[in-house]
Amino acid sequence: QVQLVESGGGLVQPGKSLRLSCEISEFTFISATIGWFRQAPGKEREGVSCIYTNDGSTYYTDSVKGRFTISRDSAKNTVFLQMNNLQPEDSSQYYCALSTGVSACQNFGMDYWGKGILVTVSS
């Protein structure tokens with residue numbers, strides 16, 4: 001019954017910003033891992049950022065540290081990914097995912113996935 005719906009993607013020029021949103025249905029943030037993953041053509045899916053609802057701690061892959069920020073609105077069951085100073089290498093299909101427990105920010109541990117949303121960074 002858990003569903004995740006991403007929004008906020010699009011086409012932007014390098015250096016600009018986007019904010020992705022992930023609306024989560026039929027779930028309360030008791031103890032879960034919620035993350036953003038991305039997969040570009042010909043590349044493996046990678047974990048970009050995760051947030052842990054048990055204590056609010058976060059994870060970021062090295063390539064986005066200092067540029068991306070993950071946050072959540074518990075009352076609205078929504079997780080955000082603020083992406084600043086976007087670069088062409090950030091272009092990818094971005095997926096929101098959820099694990100019903102505390103786990104590493106990895107594909108294997110995710111139980112539910114959104115359909116994905118495209119982010120393109122190009123001049």
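This structure is a prediction, so every number in the text was calculated from the model and none was measured. (Residues numbered from 1 in each chain as written. Predicted model: local features only at pLDDT ≥ 70, side-chain atom pairs only at ≥ 80, totals over all residues. Heavy atoms only, no water.)

Student: Explain the state of the cysteines to me, using residue names and the numbers behind them.
Tutor: Tallied over the entire structure, the rule returns two disulfides. Here Cys22 is linked by a disulfide to Cys96, with a sulfur-sulfur distance of 2.0 Å. Residues Cys22 and Cys96 share a disulfide whose torsion about the S-S bond is about -85°; that sign makes it left-handed. Taken as a pair, Cys22 in strand β3 (residues 18-25) and Cys96 in strand β9 (residues 92-99) lie far apart in primary sequence, 74 residues in all. Both residues of the pair, Cys22 and Cys96, count as buried. The disulfide partner of Cys50 is Cys105, and the S-S distance across this bridge is 2.0 Å. For the disulfide bridge between Cys50 and Cys105, the dihedral angle about the S-S bond is near 75°, and by the sign convention the bridge is right-handed. Remark: Cys105 occurs in the loop between β9 and β10 (112-113) and Cys50 occurs in strand β5 (residues 46-52); sequence separation between them is 55 residues. Each member of the pair, Cys50 together with Cys105, is buried. With cysteine numbering restricted to those in disulfides and following the sequence, the chain has the pairing 1-3, 2-4. (Disulfide = S-S within 2.5 Å. Helix = DSSP H or I, 4+ residues; strand = E, 2+ residues; numbered from the N terminus. Buried < 20%, exposed > 50% of the residue type's maximum accessible area, 1.4 Å probe, protein only.)

Student: Quick rundown of the packing of aromatic side chains? Include the residues and the values.
Tutor: The full count for this structure, using the stated rule, is two aromatic pairs. Between the aromatic rings of Tyr95 and Trp113, the centroid separation amounts to 6.3 Å while the plane-to-plane angle is 80°, which identifies the pairing as edge-to-face. A residue pair is termed long-range when its members are at least 10 positions apart, and Tyr95 in strand β9 and Trp113 in strand β10 qualify at 18 residues. The buried category is assigned to Tyr95, whose relative accessible area is 14%. (Phe/Tyr/Trp six-rings, centres within 6.5 Å; stacked < 30°, edge-to-face > 60°.)

Student: For the nonpolar core, give the residues involved together with the corresponding values.
Tutor: Residues Leu20, Ile24, Trp36, Phe68, Leu81, Met83 and Tyr94 are the most contacted members of the largest nonpolar core, which totals 27 residues. For this core, the elements supplying multiple residues, two or more each, are β3, β4 (33-39), β5, β7 (68-73), β8 (78-83), β9 and β11 (117-121). With four residues, β3 is the largest single contributor of residues to this core. In this structure, Phe37, Cys50, Ala97 and Cys105 belong to the second largest nonpolar core, which totals six residues. (Core = buried A, V, L, I, M, F, W, Y, C linked by side-chain atoms within 4.5 Å.)

Student: Just give me the short version of the environment of Pro41, but keep the residues and values in it.
Tutor: Assignment of secondary structure puts Pro41 in the loop between β4 and β5. Counting along the chain gives 55 residues from Pro41 to Cys96, while the straight-line C-alpha distance between them is 18 Å.

Student: Any details on the sheet that holds β7? Residues and values, ideally.
Tutor: Across the sheet, four strands lie side by side as β1-β3-β8-β7; this open sheet has antiparallel pairing. This sheet does not close on itself; its edge strands, each paired only once, are β1 (3-7) and β7. Averaged over all pairs of adjacent strands, the angle between their axes in this sheet comes to 15°, without regard to strand direction. Two elements, β3 and β8, share six bridges in a ladder whose sense is antiparallel. When the bridges of β8 are listed, Leu20 appears paired with Leu81. (Pairing = 2+ DSSP bridges. Axes fitted to C-alpha atoms, helices over the stretch in contact; angles between N-to-C directions.)

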